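Architecture at a glance
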Amino acid sequence: MQGGNGDGSYARNSEAPASAIALSKELLLNAINCMNLFRGEPSLRIADLGCGTGINTLSAIDFVVESIKKRYARESISVPEFEAFFSDLPLNDFNTLFRSLPHLCPRGIDEMQKQHSYYAAGVPGSFYERLFPRGKLHVAISLSALHWMSRIPEAVLDKSSPAWNQGRAWIDGARKEVVEAYAKQSEEDLKSFLRCRAEEMVPGGLLFILMAGRSDEHPQNQLGDPYSRAKHPFTQAMDQAWNDLVKENLIDEETRDAFNIPAYMRSKEEIERAFNQCEAFDIKSLKFSRVMEHSKEKQEKWMRDPVSYGKTKANLVRATLRPIIDAHLRSSHLSQEIFKRFEKRVAEDMKMLNKTCYYGIIVVSAIRK
Ligand SMILES: C[S@@+](CC[C@H](N)C(=O)[O-])C[C@H]1O[C@@H](n2cnc3c(N)ncnc32)[C@H](O)[C@@H]1O
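In this report, we go over the structure that sits alongside the text. Note that the structure is predicted; figures quoted are calculated from it, not measured. (Residues numbered from 1 in each chain as written. Predicted model: local features only at pLDDT ≥ 70, side-chain atom pairs only at ≥ 80, totals over all residues.)

Regarding helix H8 (residues 236-247)
The terminal C-alpha atoms of H8, which comprises 12 residues, lie 16 Å apart, in line with the 16 Å expected from a rise of 1.5 Å per residue. Each element contacted by the buried residues of H8 is listed here: helix H9 (253-257) and helix H13 (332-348). (Helix = DSSP H or I, 4+ residues; strand = E, 2+ residues; numbered from the N terminus. Expected span 1.5 Å × (residues − 1). Contact = placed C-beta atoms within 7 Å.)

This is the structure we're talking about:
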């Protein structure tokens, strides 16, 4: 994700994940209200895996800490102290995140003490590997992050393989072999994630995951209804933008074909299968929901002003994909050209503007056995 606080930063373009979190708060609260209480523990350790930066990150940890505190108070158990571990890949903008921690904002000392509801630390690394010592965590949450895969499967990049994903940036609607290669990688990734968390979490600990997901059993239908598929930032306009650069001789076909977006929307069945194979967790709840892409008011505004719609969508794509497109093209100038073409394509596609589009999410809560 793109760091900082600028127009194209993740912090300024995380509306969809924020809606997903808002929709899932009740499930998170239920999970907290049913979780084990750790009597006598002086401090509880909570990790946010794939924390990113911005308001979502801070409000999620605040919500978890405050909800656990209320539960302890309700049950007349002395409230422990809290340690919050913000974890993400090393390139995450931890500086922006730490500067926005409420108890580090400049205030009077009394105010600071009042706000200090947890001790914060950053943990750089991939959640597909071990991040914490054995038996360390009481709660692990991961919000809008686990649909990002650890890597692109080799076959997808291999010209001689039937799974070569020529001419597309992603897998929705791609050949069966391409989708199968992604599905296999995603399965291995989820198993690694669960294996690592099983080691890091204490018995009775709560694992709460919200990830992009699909309702359809068939992995080639990653995005649900036809409008949501066509309007998704990884599909039509993204492919057109890459092709525009090829046509304008700014990049060659090989460079275009070697770019693939490392994301996979799992189904509930795929998630359940990985948990069952891991055997370390009891699933308490597993739910698919749909989140509307934007509010009705915003959609009406954009129908009057398609250019600003194009800009908003391009900023969203910058926030999400800029670091990997920069790295792929080895030129931030060329990646800006991609975003400009993307913006133009989206703004020109008037017939899609009035279509409502949805993102699928899957929320799972589970207890470490
Ligand atoms: C869409 S953001 C979500 C951020 C935040 N949780 C929220 O809800 O707004 C996805 C985050 O997952 C992180 N991420 C992706 N793959 C990861 C991995 N293998 N290990 C750790 N973090 C990862 C990205 O760096 C990014 O910060």
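Quick notes on the packing of helix H6 (residues 176-200) against helix H10 (residues 268-278)
At a minimum axis separation of 9 Å, H6 and H10 run at an interaxial angle of 45 degrees. One element, H6, and the other, H10, form an angle in the oblique class. The two elements H6 and H10 cross, and the hand of that crossing is right-handed. Contact residues: H6 offers Glu187, Leu190, Lys191, Leu194, Arg195 and Ala198, while H10 offers Glu270, Ile271, Ala274, Phe275, Gln277 and Cys278. (Axes fitted to C-alpha atoms, helices over the stretch in contact; angles between N-to-C directions. Parallel < 35°, antiparallel > 145°, perpendicular 65-115°, else oblique. Left-handed = near helix turned anticlockwise from the far one by under 90°.)

Some remarks on the pairing of strand S7 (residues 358-368)
Of all 11 residues in S7, 9 are buried; the element is thus mostly enclosed. Bridge analysis of strand S6 (residues 281-292) against S7 gives 11 bridges, and the strand direction is antiparallel. Bridge assignment links Asp282 to a residue of S7, and that residue is Ile367. (Buried ≥ 20, exposed ≤ 12 C-beta atoms within 10 Å, placed from the backbone. Pairing = 2+ DSSP bridges.)

Quick look at the site of the ligand
In the region of the ligand, 20 residues are neighbours, and Gly50, Gly52, Asn56, Ala145 and Trp148 sit closest. Mapped by element, the contributors of at least two residues to the shell around the ligand are helix H1 (15-34) and helix H2 (55-74). (Near = placed C-beta within 6 Å.)

Considerations on the environment of Asn5
For Asn5, the position within the fold is in the segment before H1. The exposure class assigned to Asn5 is partly exposed, which follows from the 14 C-beta atoms found within 10 Å. Between the alpha carbons of Asn5 and Gly54 there is a distance of 8.5 Å; along the sequence they are 49 residues apart. Once you skip the residues sitting within four places of it in the chain, Asn5 turns out to touch Ala11, Arg12 and Thr96.

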